[in-house]
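Secondary and tertiary structure notes
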Amino acid sequence: MAFVTEEQIQQFREDGFLVLEEFFTTEECDAMREQIHKIIAKMDVPPHCRTEFSTSEEEQLKAQGSADYFLISGDKIRFFFEKGVFDEKGDFLVPKEKSINKIGHALHAYDPIFKQITHSSKVQELGRKLGLEKPVVVQSMYIFKQPRIGGEDGITRRMVRAPPGTIPCTQFVGSERTYQDSQFIPVPICKGGLILIHGEVVHKSELNSSELSRHVYTFHLMEAKDTSWSKENWLQPTPELPFPPLYT
């Protein structure tokens, strides 16, 4: 990994994102992919829990909003699927390794390979260079971007928990602006590269129209010093898994 310079940190603060090529080694990337294949091989999701993941507001509320499988996944390793991969009985129409949109949201806590990557010394060093004093890991996901069917990750409003007893269990708040494609900056990245994105930066990932998957491991950090996590957020820490500190 190339040393992260003060100029790069300043660039991140100005732009809200930073590309760090070769942040992770080829061996580390291969280890994550191999581990995810092992996790998929052991996958056992009952048909009634086979939730299709979408960033479309209407589809998301329909598919996820009333599903505890999604709502209480923050302290578990669970599977979320692409649209159109199940028949009317809930059986797979495609090989299961090609059906998954993402796996989340606690790989960083319960899987040894992803825990090691998340808490690696270089990630901790990067956190310190960013000035984070008490960062915690809020969630993690392995995103597949399947070939031809890898859905677009759109821009959504903030999804929060609805009042108790409400169906669906989640709702969107605030208004969503319309953005032109010309306003976005394409950010190509090679295997092992890291894209650091500030939480307030609007970003998206288009439909994967290629014949190759675009595997990504992503995790979210929050500065816990002098801050509090919103009780409205759909994702909540639990007694079983409080948000773990990044620094070990």
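Structure: above.
Residues numbered from 1 in each chain as written. Predicted model: local features only at pLDDT ≥ 70, side-chain atom pairs only at ≥ 80, totals over all residues. Heavy atoms only, no water.

1. Some details on the overall build of the protein
The helix and strand tally for the protein stands at seven helices and eight strands. Counting only residues that meet the buried cut, the protein has 42% of its 248 residues in that class. In the protein, of all internal contacts separated by at least 6 residues, the share reaching a separation of at least 24 is 76%. Taken as a whole, the protein presents about 14,200 Å² of accessible surface, with 53% of it coming from carbon and sulfur. (Helix = DSSP H or I, 4+ residues; strand = E, 2+ residues; numbered from the N terminus. Buried < 20%, exposed > 50% of the residue type's maximum accessible area, 1.4 Å probe, protein only. Contact = heavy atoms within 4.5 Å. Areas by Shrake-Rupley, 256 points an atom, 1.4 Å probe, with all protein chains shown as cover.)

2. A word on the packing of aromatic side chains
A complete count under the given rule lists 13 aromatic pairs for this structure. Where Y217 meets F219, the ring centres are 5.6 Å apart and the plane angle is 40°; that geometry is what we call tilted. The class for Y217 is buried, based on a relative accessible area of 16%. One aromatic cluster in this structure is built from F114, Y142, F144, Y217 and F219. (Phe/Tyr/Trp six-rings, centres within 6.5 Å; stacked < 30°, edge-to-face > 60°.)

3. Remarks on the environment of L107
Within the secondary structure, L107 is located in helix α5 (residues 107-110). It is 9.1 Å that separates the C-alpha atoms of L107 and R78, two residues lying 29 residues apart in sequence. Apart from the residues lying within four places of it in its own chain, the contact partners of L107 are I36, I39, I77, F114, K115, S140, M141, Y142 and Y217.

4. Overview of the pairing of strand β6 (residues 170-173)
Every second residue of β6 is oriented toward a common face, the buried set being T170 and F172 and the non-buried set Q171 and V173. Sheet topology note: the strand β5 (residues 158-161)/β6 ladder contains four bridges and is antiparallel. Within β6, the position partnered with M159 by the bridge is F172. (Pairing = 2+ DSSP bridges.)

5. Details of unusual backbone geometry
Here G104 and H105 are connected by a cis peptide whose omega angle stands at 5°. Notably, K145 is not glycine yet its phi reads approximately 45°, a positive angle. With respect to the helices and strands, K145 occurs in the loop between β4 (135-143) and β5. Residues other than glycine seldom take positive phi values, yet D226 does so here, at roughly 60°. Position of D226 relative to the elements: it lies in the segment after β8 (216-223). D226 sits in the exposed class, given a relative accessible area of 74%.

6. A short note on helix α7 (residues 121-129)
Of the residues making up α7, those classed as buried are K122, V123, Q124, L126, G127 and K129. Where α7 is buried, its residues touch α1 (6-15), β1 (17-20), α2 (26-41), α6 (112-118), β7 (194-197) and β8.

Remember that the coordinates give geometry; whether it matters functionally is a separate question.
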